Amino acid sequence: MKGIITYMKRDFLKWTRGKVAVISALVMPAAWLIFVGLALPVQFTGNYLDFITPGILVMTMLSAGLSGGALLMFDKILGFLNKFLALPTPRGSILVGKILFITGRGLIQATIILVIALLIGATLLNPFQYGLTYFILFLFGVLISAFATTIALYLDDHDSYSAFNTMISMPLFFTSSALMPYSVMPVWLATIAHFNPLSYAIDAVRDVTAGGFPAIPIFILFVLTGVVLAICMQVFRRVTV
Amino acid sequence: MNAIETTNLTKYYGSLCAVDHLTLSVNNEIFALLGPNGSGKTTTVLMLTTLLNPTEGSAMVCGHDVTREGEAVRKKLSYVPQDMAVDIKLTGRENVRFFADLYGVPHASDRVDEVLAIMELSDRADDLIRTYSGGMRRRLELAQALVHEPSVLFLDEPTIGLDVAARKKIWEHIRALRKKGMTIFVTTHYMDEADQFCDRVGIISKGRIAALGTPMELKALLMKDVITARIEGTFTIPAIDGILFVGQSGDEVSFTAENGREALPLLADALGKSGCIVRSLSLREPTLDDVFLQAVGPQEEPHGFEDGKFRIMLRRRK
């Protein structure tokens, strides 16, 4: 447990020292929120900002997770991993610490995006709804960071990983329910969107903001996260023995 | 009980044998594993530090088996790989504190101050590593490694890429640690450093120990003088009483003799007669390079580099 916290502390310290990276990660979701959320003329809802905010929050977690996937690979390439593996600290805490850091960093960024959304006119929710929203975002964050870390460890090369990152982030976002409800999507898009894991997180958050309790999407996210974590641990173990 | 004890330690990467039945014991000394690139030095260290499982054989560190008691072994040792991995966005103190916390060192902050002082980094402790020189970064890594007072210290090419002054300083620190009773296992391909600073040397080639002993003992395997001739053309080894052939490395051939000055003209004559042109002759005392040449032949990149085997090696390390 102490190991996990120590590994996370290192990553947080390093992150806060790189000021450009801290700010630049926020620009993209904020731009979506402002330029699309406020400006897009849509007919299906009266407050598009309230509709798109869950999508942008999940998008923030997605890009935080995907960019964080490279961290463990870099630790490996640069020789840090070998030093950590020679420590008596349980080896699993390297991986757990990394996933929790990437998720935690995403949640901090999502909080800033949420504040911006409120400032430009999104509806304020009650504390229970926020608690549930954060729980869903956390689950989704663990899912994405475990997935990204697995891919990066598997590819073992920064260029390949960043190409992969570019390749999947936009399509994943556009084929989810982030920008429009299933009812206005063309049928082919709606079909894809129903299978996109982003949609589960977005629909769940949207359901929470509407006052519901999205038991099924949360359950599906839970199962997905469990499966991906198991695969991730397997790949990590293969890398480290 | 010896600090490090290996019995027939073997590692295969696919069909490539990186370490071949290595049997070795090291205790309270500076032991250098010496050899060219690709001779199996790093693989040996990786197995001893529990980062790689041996294919065959066993190894004990401080009485604990490296495959079965990994965590107990890791509590006793520190490992500094050759990559120089320190976080450049953190300060020296933060880097060392990080390791102290991971080891769960009691009174961490005092201990961090102490090791920083030992490595002469106290006055720069709160500067970012970005501003440190290569030698300082290496010393910081040593400070990280010392923070939990290990019994055995593994250093993989500790002086690689450093200038002469920085190298000397690193070795002085290593010697000081040895005086305090630590066992230090070093790999290097710098023969002169091993000769000067290490208590015992094992020359490794193609995964096998080719010669083992103190630098003095190893050099005593040769006679008092070494004569090196730079030649052109082919030559046959001249049969002269009291002059022994050591080996050939590129266009240089080396011989050893009890009395080098008397051997010089004899050799020049014999080599000339055997059909080659002698460009220069030099006379000096034996070095570990000569020992190496005699023990394993010329130092060269292993040729017939097999891409497939190399890929298998890389994949195994993933």
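Residues numbered from 1 in each chain as written. Chains lettered and ligands numbered in written order. Predicted model: local features only at pLDDT ≥ 70, side-chain atom pairs only at ≥ 80, totals over all residues.

The next point concerns the overall build of chain B. When you go through chain B residue by residue, the secondary structure sums to eleven helices and 14 strands. Counting every position in chain B, which comprises 318 residues, the buried fraction comes to 42%. Long-range pairs, those at least 24 residues apart, make up 71% of the contacts in chain B with a sequence separation of at least 6. (Helix = DSSP H or I, 4+ residues; strand = E, 2+ residues; numbered from the N terminus. Buried ≥ 20, exposed ≤ 12 C-beta atoms within 10 Å, placed from the backbone. Contact = placed C-beta atoms within 7 Å.)

This brings us to the overall build of chain A. Along the backbone of chain A there are ten helices and zero strands. Helices (α) and strands (β) of chain A occur, in sequence order from the N terminus, as α-α-α-α-α-α-α-α-α-α. Taken over C-alpha atoms, the radius of gyration comes to 18 Å for chain A, in line with the 18 Å a tight globule of 241 residues would show. Taken along its principal axes, the extent of the C-alpha atoms in chain A is 60 × 35 × 35 Å. Counting the 241 residues in chain A, one finds 46% classified as buried. Contacts spanning at least 24 positions in sequence make up 80% of the contacts within chain A whose residues lie at least 6 apart. (Rg over C-alpha atoms; globule rule 2.2 N^0.38 Å.)

With 22 residues of chain B in contact, the opposing surface of chain A contributes 21 residues. For the side of chain B that touches chain A, the secondary-structure elements that each account for two or more residues are α2 (70-76), β6 (77-80) and α3 (92-103) of chain B. With five residues, α3(B) is the single largest residue contributor to the side of chain B that touches chain A. For the side of chain B that touches chain A, the class distribution of residues is nine nonpolar, four polar and nine charged. (Nonpolar A, V, L, I, M, F, W, Y, C, P; charged D, E, K, R; others polar.)

Moving on, we come to the sheet that holds strand β14 (residues 277-284) of chain B. Residue and element names in this part refer to chain B. An order of β12-β13-β11-β14 is seen for the four strands of this open sheet, with the pairing classed as antiparallel. The open sheet terminates on both sides in strands that have one partner only, identified here as β12 (243-249) and β14. Taken over all neighbouring pairs, the strand axes of this sheet differ in orientation by 25° on average, direction set aside. Bridge count between β12 and strand β13 (residues 252-257): six bridges; the pairing is antiparallel. (Pairing = 2+ DSSP bridges. Axes fitted to C-alpha atoms, helices over the stretch in contact; angles between N-to-C directions.)

Bringing the environment of Met59(A) into the picture now. All names here are of chain A. For Met 59, the location among the structural elements is in helix α3 (residues 48-77). For the pair formed by Met 59 and Val 42, sequence separation is 17 residues and the distance between their alpha carbons is 20 Å. Those residues within four positions of Met 59 in sequence are excluded, and the remaining contacts are Pro 29, Trp 32, Phe 173 and Ala 178.

Residue and element names in this part refer to chain B. Taken together, six strands build an open sheet; the order of strands is β6-β7-β8-β3-β9-β10 and the sheet is mixed. Each end of this open sheet is capped by a strand with a single partner; those strands are β6 and β10 (208-213). If you compare each strand with its neighbour and ignore which way they point, the axes differ by 15° on average. Taken together, the five bridges between strand β3 (residues 30-34) and strand β8 (residues 183-188) define a ladder with parallel strand orientation. Its bridge partner being in β8, Phe 31 is matched across the sheet by Phe 185. Together, β6 and β7 (152-156) form the strand contacts of helix α5 (residues 134-146), whose direction differs from that of β6 by roughly 160°. Helix-sheet contacts for helix α10 (residues 288-296) involve β9 (200-205) and β10, and the interaxial angle to β9 is about 40°.

This brings us to α10(B). Those residues of α10(B) that fall on the buried side of the exposure criterion are Leu288(B), Asp290(B), Val291(B), Phe292(B), Leu293(B) and Gln294(B). Following α10(B) by one or two positions, Gly297(B) has its phi on the positive side, about 90°.

Residues and elements named next belong to chain A. Helix length check: helix α2 (residues 19-37) (19 residues) gives 27 Å between terminal C-alpha atoms against 27 Å at 1.5 Å per residue, within 8%. Remark: the principal bend of α2, roughly 30°, maps to Val 27, with a proline, Pro 29, within the next four residues. Looking only at α2, the buried set comprises Ala 25, Pro 29, Leu 33 and Gly 37. (Expected span 1.5 Å × (residues − 1). Bend = angle between axes of the 7 residues up to and from the residue.)

Attention shifts here to the pairing of strand β4 (residues 56-61) of chain B. Residues and elements named next belong to chain B. Bridging between strand β1 (residues 4-13) and β4 involves five bridges; their strand directions are antiparallel. Its bridge partner being in β4, Ile 4 is matched across the sheet by Val 61. With two bridges joining them, β4 and strand β5 (residues 64-65) adopt antiparallel strand pairing. Bridged to Met 60 within β5 is Asp 65. What sits between β4 and β5 in their antiparallel hairpin is a turn of two residues, with Cys 62 showing a positive phi close to 50°.

Right, let's talk about the pairing of β10(B) for a bit. Remember that side chains alternate between the two faces of the sheet whenever the strand is regular. Residue and element names in this part refer to chain B. Pairing analysis gives five bridges linking β9 to β10, with the strands arranged antiparallel. Note on β10: the bridge partner recorded for Ser 205 is Arg 208. Linking β9 to β10, which pair antiparallel, is a turn of two residues; within it Lys 206 sits at a positive phi near 50°.

Here we take up the confidence of the model for chain B. Residues and elements named next belong to chain B. On average, residues of chain B score 87 in pLDDT, and 93% of them reach the 70 mark or higher. Considering each helix and strand of chain B separately, the mean pLDDT is smallest for helix α11 (residues 307-317), with a value of 56, and largest for α3, with 95. Counting interchain partners and residues more than four positions distant, the pLDDT-below-50 stretch residues 301-305 has one contact. (pLDDT = per-residue confidence, 0-100.)

Counting residues in hydrophobic clusters, the biggest one holds 150 residues, and the most contacted among them are Val58(A), Phe140(A), Ala201(A), Ala143(B) and Phe154(B). Considering each element in turn, this core owes the most residues, 15 residues, to α3(A). When near neighbours in sequence (up to four residues on either side) are disregarded, Phe140(A) contacts Val58(A), Met61(A), Ala201(A) and Leu221(A). (Core = buried A, V, L, I, M, F, W, Y, C linked by C-beta atoms within 7 Å.)

Another aspect to go through is the packing of helix α9 (residues 197-209) of chain A against helix α10 (residues 215-240) of chain A. All names here are of chain A. For the pair α9 and α10, the least separation of the axes is 9 Å and the interaxial angle reads 140°. With respect to each other, α9 and α10 are oriented oblique. Regarding α9 and α10, the two cross each other, and that crossing is left-handed. Counting all contacts with α9, which are made through Pro 197, Tyr 200, Ala 201, Asp 203 and Ala 204, the residues of α10 involved are Pro 217, Ile 218, Ile 220, Leu 221 and Leu 224. Partitioned by chemical class, the residues of the contact of α9 with α10 number nine nonpolar, no polar and one charged. (Parallel < 35°, antiparallel > 145°, perpendicular 65-115°, else oblique. Left-handed = near helix turned anticlockwise from the far one by under 90°.)

Residues and elements named next belong to chain B. Considering the arrangement of structural elements, one finds Thr 49 in the loop between α1 (41-48) and β4. On the neighbour-count criterion, Thr 49 (26 C-beta atoms within 10 Å) is buried. With 148 residues separating them in the primary sequence, Thr 49 and Phe 197 have C-alpha atoms 23 Å apart.

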